[in-house]
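Structural overview
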Amino acid sequence: MQDAIARKFDYKTLSANPIRIADLGCSTGPNTFIAMQYITEAIELQYHSQGLRTPEFHVFFNDLVSNDFNTLFRNLPCDRIYFVAGVPGSFHGRLFPSKTLHFVHSSSSLNWISRVPGEIEDSDSVAYNKGRIHYGNAPKEVVDAYATQYQKDMKAFLNARAQELVAHGLMMLQIPVAADRIKDSDTAHSKMFELLGSCFMDMAKEGIFCEQKVDSFNLPIFHSTLKDVEEVLESNGDFSIKEKEIVYPQNLPIAPDVGMLVSHVRAGLEGLIEKHFGGGIVDELFQRFAQKVEEFPNIMNVQKLKMAVLFVLLKRMPYV
Ligand SMILES: C[S@@+](CC[C@H](N)C(=O)[O-])C[C@H]1O[C@@H](n2cnc3c(N)ncnc32)[C@H](O)[C@@H]1O
């Protein structure tokens, strides 16, 4: 992809200084720093190959307001070649003025939806997700409600970026998906969240909190099928697809060991769980989760559980 960026970054048309780059859903690092290094190096290469001086870079780190931006800024690489700014807010809406960005990057974040669909928390709805925290092993109506929200959010995301990117600006997305022809609810993540959900239910049955508390808690995370994501991207009139690659993890464990898996899931979900259940239950919940992962080691095997990652490089069409 670094090579693709170097080839597709149209320095002549953009002729910008500074070059503005946004990382959407950056979290606290270090992945965002590695990505920003790759992108700035790729653009530098393009300028050098034309005998041109490198422009200045301005990188905008975006995440939800709840993100720990202090940790992000404390860990900024000392040898970076870019200026920085933090941009709190949801990437499902506008974050930047019109036509100001030259490059947008987002990795492993577009599987977060903007809100849990209302019907799955409505006890009168056929899509009521009773006794679960996600759509793994749930009725079709629950999966469909998630899928509909995901489609809306992806369109809103593309719309917002279409206004913020300059004409010919690039957008590189890395989107975790459920591999082709695989039911969304059969992915590694669904299985993992199903297991985590069963820990919540065990705790409810033991009276640590009531079952309704679990019924009204659902994770705003969805792994669309590859086909559905491709359809949204292809049907969008503001971008053209310049490069696309689908990576299927080959026999790679989802994490090197159970401890790493549990701390990874905990880091991602702790804030949401605390907000709904209070902080007091988190240690016990993840101890139980670790025990269950030990009992079901298949959870660790990504390949068996049908995940893929879609890498796509999009170019903003000229404005009409
Ligand atoms: C799994 S982390 C990915 C972090 C990093 N990009 C990486 O590749 O390692 C997903 C991040 O997306 C953020 N996120 C989720 N929904 C978001 C939204 N609507 N707007 C901005 N960030 C969001 C989460 O807060 C989280 O930090």
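Attention here is on the structure that accompanies the text.

How each quantity is defined
Residues numbered from 1 in each chain as written. Predicted model: local features only at pLDDT ≥ 70, side-chain atom pairs only at ≥ 80, totals over all residues. Heavy atoms only, no water. Buried < 20%, exposed > 50% of the residue type's maximum accessible area, 1.4 Å probe, protein only. Helix = DSSP H or I, 4+ residues; strand = E, 2+ residues; numbered from the N terminus. Pairing = 2+ DSSP bridges. Phe/Tyr/Trp six-rings, centres within 6.5 Å; stacked < 30°, edge-to-face > 60°. Lys NZ or Arg CZ within 6 Å of the ring centre and 35° of its normal. 1 Å grid on protein atoms, 1.4 Å probe; cavity = no way out; pocket = protein on both sides within 12 Å on 5 of 7 lines; lining within 4 Å. Points joined across faces, edges and corners; volume = space filled by probe spheres on them. Nonpolar A, V, L, I, M, F, W, Y, C, P; charged D, E, K, R; others polar. Near = heavy atom within 4 Å. Polar contact = N/O pair within 3.5 Å; in protein donor to acceptor, adjacent residues only side chain to side chain. Areas by Shrake-Rupley, 256 points an atom, 1.4 Å probe, with all protein chains shown as cover.

Examining the pairing of strand β4 (residues 101-107)
Within β4, six of the seven residues are buried, which leaves the element mostly enclosed by the surrounding structure. Summarising the sheet, strand β1 (residues 19-24) and β4 pair through three bridges and their orientation is parallel. The residue of β4 that forms the bridge with I21 is F103. In terms of strand pairing, β4 meets strand β5 (residues 165-178) through six bridges, oriented parallel.

Observations regarding the packing of aromatic side chains
Per the counting criterion, the structure on display carries 15 aromatic pairs. Ring centres of F200 and F277 lie 4.8 Å apart, and the angle between their planes is 25°; on these two criteria the pair is classed as stacked. Placement of F200 in helix α6 (residues 188-205) and of F277 in helix α9 (residues 258-277) is noted, with a sequence separation of 77 residues between them. A relative accessible area of 0% means that F200 is categorised as buried. By relative accessible area, F277 is classed as buried at 13%. Among the aromatic residues, those joined into a ring-pair cluster are Y135, Y146, Y150 and F222. Between the NZ or CZ atom of R161 and the centre of the ring of F157, over which it lies, the distance is 4.9 Å. Over the ring of Y319 we find R316; its NZ or CZ atom is 3.9 Å from the centre of that ring.

Regarding the layout of surface pockets
Empty space among the atoms becomes apparent when a probe as large as a water molecule is rolled across them. By volume, the second largest pocket is sized at about 180 Å³. Residue lining of the second largest pocket: F33, I34, Q37, T40, E41, E44, P77, D79, R80, I81 and Y82, and that is the complete set. In terms of residues, the lining of the second largest pocket owes the most to one element, helix α3 (residues 31-49), which gives six residues. Of the residues assigned to the lining of the second largest pocket, the class counts are five nonpolar, two polar and four charged.

Points about the site of the ligand
Surveying the vicinity of the ligand reveals 15 residues, the closest of which are G25, N31, D63, F91 and S107. Separating a nitrogen atom of the ligand from a side-chain N or O atom of S90 is a distance of 3.0 Å. Contacts to the ligand include F91, whose backbone N or O atom sits 2.9 Å from a nitrogen atom. Isolated, the ligand exposes 600 Å² of accessible area, and the fraction of that covered by the protein chains is 83%.

By themselves, these are just geometric observations and shouldn't be taken as functional.
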